[in-house]
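Reading the structure
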Amino acid sequence: MTERNDRRADDGARLRSLSLGELLSVDLPVRDYILDPLMKQGESMMLWAAPGVGKTMVGLSIALAASGGGKFLGWKAPRPFRVLYIDGEMALHDLKDRLVVLKDAVEGLDADAAVKNLRLLVRSHQDPNAPFPDIADKDGQDVVFSRARGMKADLVILDNFSVLAGVDDENDAAAMQPVLTFLLRMKQAGIATVLIHHSNKNGESYRGSSKIATTFEVIVGLKQNNGVASRHSAAFDLAFTKFRGVRNDTIVETTAWLEKDAKDVLRWRWKESEDAELKRVVMLVQSCQYPRDADIAEALNVSTGKLSKLKNTAIARKLITAADWKRCVDAARASKEGIDFDPIEDTEETNSDF
C-alpha cells in the first residue's frame, strides 16, 4: 500500500499548473484545421450510423481528404496531414477497392500526397495469432499511441468502436471510462481522432452510454436516405448532434451520395437536406421581415414554385400553420408600409401572394 501511495504522490508531483498571468502570456501554437471547419488538430469526432449506411465510406473519404489536401462535403484540408487509419474488421481486398473508388471521388485530392501520408493498420492484414490493439485495454492503447506518435500522425481514425474496444456492456458508463481516457490522452498529445461507431436499435443516436460523448467536439450521425439509395452506391442524410466549433454553411444537415459523372467516375455530391431547408424556411418566415412569399423565395435563392412546395410541406409537417405564415407575412408588409398591425385579430387564411 505504501508503494502505491508513493507512486500516486510521484504522479501528482508531475502534474503542471499555471497561473492566470502565465496562461495569458504564454505563446500557444496555432492549431490548424484538419478539415475546415469540421475539426482542428487535437480535436475528436464521433461518426455513427447503422450498418450499411456508409460510415466507412465517410471515414475513408475523411482520411483521403486530410492526407491529400482534398475537400469532402465542402470541408477542406488546408494542406496534407499524416493520417493513421485503423480498421478492425474489413477484408484488405474490400478496403483497397473502396480506396481506389474514393480517391477520385474526393474533390481536389493530391493522390501523391495521400500515398505518402496515409497509413493503414488493418486486422485482416495481420497474422491470425498476432494480437490486434484493443483501445479499451492499456496495452492496446499504448500500441495505437506509439504507432501514432512514431509516424507523427495528425489524425487517427478508429473503425469501428465495436471491434476495436473490448467493452462488455456499452451502456455501462464505468465500462466506457478506459476508452474515454484513451481519447483524452490522444487529445493531450495533439492528435485528432475520429471514432466510427454504430447507431442504436432505432437508428436515432449512437449506441451505448452517453458518457463517451463528453470528450468529442463533433458528433455526426448518418441515416439512410431511401430517396436516393436505390440510384447510388452510398446515400445518407448527415446531421450534427454536437458541434463546438464556428459554424458556416457546410455545418448543416446534408443529404450526400456517390454519383457517376459524365466520365463514369464516382464523385461525392451533396446538398442541404430537406429537413434543414424546411427549418430555414420557417425561421425566415417567423422573422416577420418578408412582406411577400416571393421575397422569402428570393432570400432562400429558390424559385417561387419551389417555395410553394416547401411551404406546403412545412405546413403538412406542422412546423408552422398556414395562419401563422400569413400573419408573419402580413406583419412584415404592415411594418414596411408603416401601418399598425395586430396579428391576433387577423386570423383569416388566404393563399400565398406570389
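Everything that follows concerns the structure shown earlier in this document.
Structural notes, computed from the coordinates.

The rules we used
- Residues numbered from 1 in each chain as written.
- Predicted model: local features only at pLDDT ≥ 70, side-chain atom pairs only at ≥ 80, totals over all residues.
- Heavy atoms only, no water.
- Helix = DSSP H or I, 4+ residues; strand = E, 2+ residues; numbered from the N terminus.
- Contact = heavy atoms within 4.5 Å.
- Areas by Shrake-Rupley, 256 points an atom, 1.4 Å probe, with all protein chains shown as cover.
- Lys, Arg positive; Asp, Glu negative; His and termini not counted.
- Charge placed at Lys NZ, Arg CZ, Asp CG, Glu CD.
- Salt bridge = Lys/Arg side-chain N within 4 Å of Asp/Glu carboxyl O.
- Patch = residues over 30% accessible without salt bridge, like charges linked within 9 Å, V, L, I, M, F, W, Y side chains within 5 Å.
- Buried < 20%, exposed > 50% of the residue type's maximum accessible area, 1.4 Å probe, protein only.
- Pairing = 2+ DSSP bridges.
- Axes fitted to C-alpha atoms, helices over the stretch in contact; angles between N-to-C directions.
- Phe/Tyr/Trp six-rings, centres within 6.5 Å; stacked < 30°, edge-to-face > 60°.
- Lys NZ or Arg CZ within 6 Å of the ring centre and 35° of its normal.
- Parallel < 35°, antiparallel > 145°, perpendicular 65-115°, else oblique.
- Left-handed = near helix turned anticlockwise from the far one by under 90°.
- Expected span 1.5 Å × (residues − 1).
- Arc of directions from axis to C-beta.
- 1 Å grid on protein atoms, 1.4 Å probe; cavity = no way out; pocket = protein on both sides within 12 Å on 5 of 7 lines; lining within 4 Å.
- Points joined across faces, edges and corners; volume = space filled by probe spheres on them.

From N to C terminus, the protein chain includes 13 helices and 13 strands. Taking as baseline every contact in the protein chain between residues at least 6 positions apart, the subset at least 24 positions apart corresponds to 67%. Here the protein chain displays about 19300 Å² of accessible surface, and carbon together with sulfur accounts for 48% of that area. Here the protein chain contributes 49 positive and 53 negative side-chain charges, whose respective centroids are spaced 4 Å apart.

Turning our eyes to something else, we now look at the pattern of salt bridges. Two side chains carrying opposite charge are able to pair once their charged atoms lie near each other. As enumerated under the stated definition, the model contains 20 salt bridges in all. Each of K138, D142 and R185 takes part in a single network of salt bridges with overlapping partners.

The grouping of L18, L20, L23, L24, V26 and L28 at the surface amounts to a nonpolar patch, some 620 Å² of accessible area in total. The class for L20 is exposed, based on a relative accessible area of 60%.

Let us now look at the sheet that holds strand 10 (residues 218-224). Spatially, 7-6-8-9-3-10-11-12-13 is the arrangement adopted by the 9 strands of the open sheet, whose pairing is mixed. Edge strands, defined here as strands with exactly one partner in the open sheet, are strand 7 (118-122) and strand 13 (266-272). Within this sheet the neighbouring strands show an average axis-to-axis angle of 20 degrees, counted without direction. Here strand 6 (residues 83-87) runs beside strand 7; their pairing, made up of 5 bridges, is parallel. From the neighbouring strand, I86 faces strand 7, where its bridge partner is L121.

Right, let's talk about the packing of aromatic side chains for a bit. What the rule picks out here adds up to 5 aromatic pairs. Taking 6.1 Å as the distance between ring centres and 75 degrees as the angle between the ring planes, the aromatic pair formed by W75 and F240 counts as edge-to-face. With a gap of 165 residues between them, W75 in strand 5 (residues 75-76) and F240 in strand 11 (residues 235-243) connect regions that are remote in the sequence. Pair check on accessibility: W75 and F240 agree, each one buried. Through a chain of ring-to-ring contacts, three or more aromatic side chains come together here, namely F72, W75, F236, F240, F243 and W268. One cation-aromatic arrangement involves K40 over Y33; the distance from NZ or CZ to the ring centre is 5.2 Å. Positioned over the ring face of F145 is R185, at 4.0 Å from the centre of the ring.

Between two packed helices, the angle of one axis relative to the other and the distance separating the axes together describe the packing. Direction vectors running N to C along helix 10 (residues 274-286) and helix 11 (residues 293-300) enclose 130 degrees, while the axes themselves pass 11 Å from each other. Overall, the two elements helix 10 and helix 11 adopt an arrangement that is oblique. Considering how the two elements wind past one another, helix 10 and helix 11 form a crossing that is right-handed. In this structure, helix 10 uses R280, V281, L284 and V285 to contact helix 11, whose residues at the interface are I296, A299 and L300.

What follows is about helix 6 (residues 138-150). Taking 1.5 Å per residue, 13 residues should reach 18 Å; helix 6 reaches 18 Å between its end C-alpha atoms and fits that length. Of all the positions in helix 6, only G140, Q141, V144, F145 and A148 are classed as buried. For helix 6, the buried positions fall inside an angular range of 130 degrees around the axis, keeping them on one side. In helix 6, those exposed residues whose orientation departs by more than 90 degrees from the buried face are D139 and G150. Where helix 6 is buried, its residues meet strand 6, strand 8 (155-159) and helix 8 (177-188). Count one or two residues on from helix 6 and you reach K152, which has phi positive near 55 degrees.

Another aspect to go through is empty space enclosed by the protein. Picture a little ball the size of a water molecule; that probe, rolled over the atoms, points out where space is still empty. All chains considered together, the criterion is met by 1 cavity of 30 Å³ or more. Estimates place the volume of the largest cavity at around 30 Å³. Taken together, L284, V285, C288, Q289, Y290, I296, C328 and V329 form the lining of the largest cavity.

What follows deals with unusual backbone geometry. Residue P37 is bonded to the preceding D36 through a cis peptide linkage, with omega at 0 degrees. As for its placement among the helices and strands, P37 is situated in the loop between strand 1 (33-35) and strand 2 (39-40). Cis rather than trans, the peptide bond between D159 and N160 has omega equal to 0 degrees. Examined against the element boundaries, N160 turns out to sit in the loop between strand 8 and helix 7 (161-164). In this model, C288 sits at a positive phi of 55 degrees, which is unusual for a non-glycine residue. The residue C288 is located in the loop between helix 10 and helix 11 in this model.

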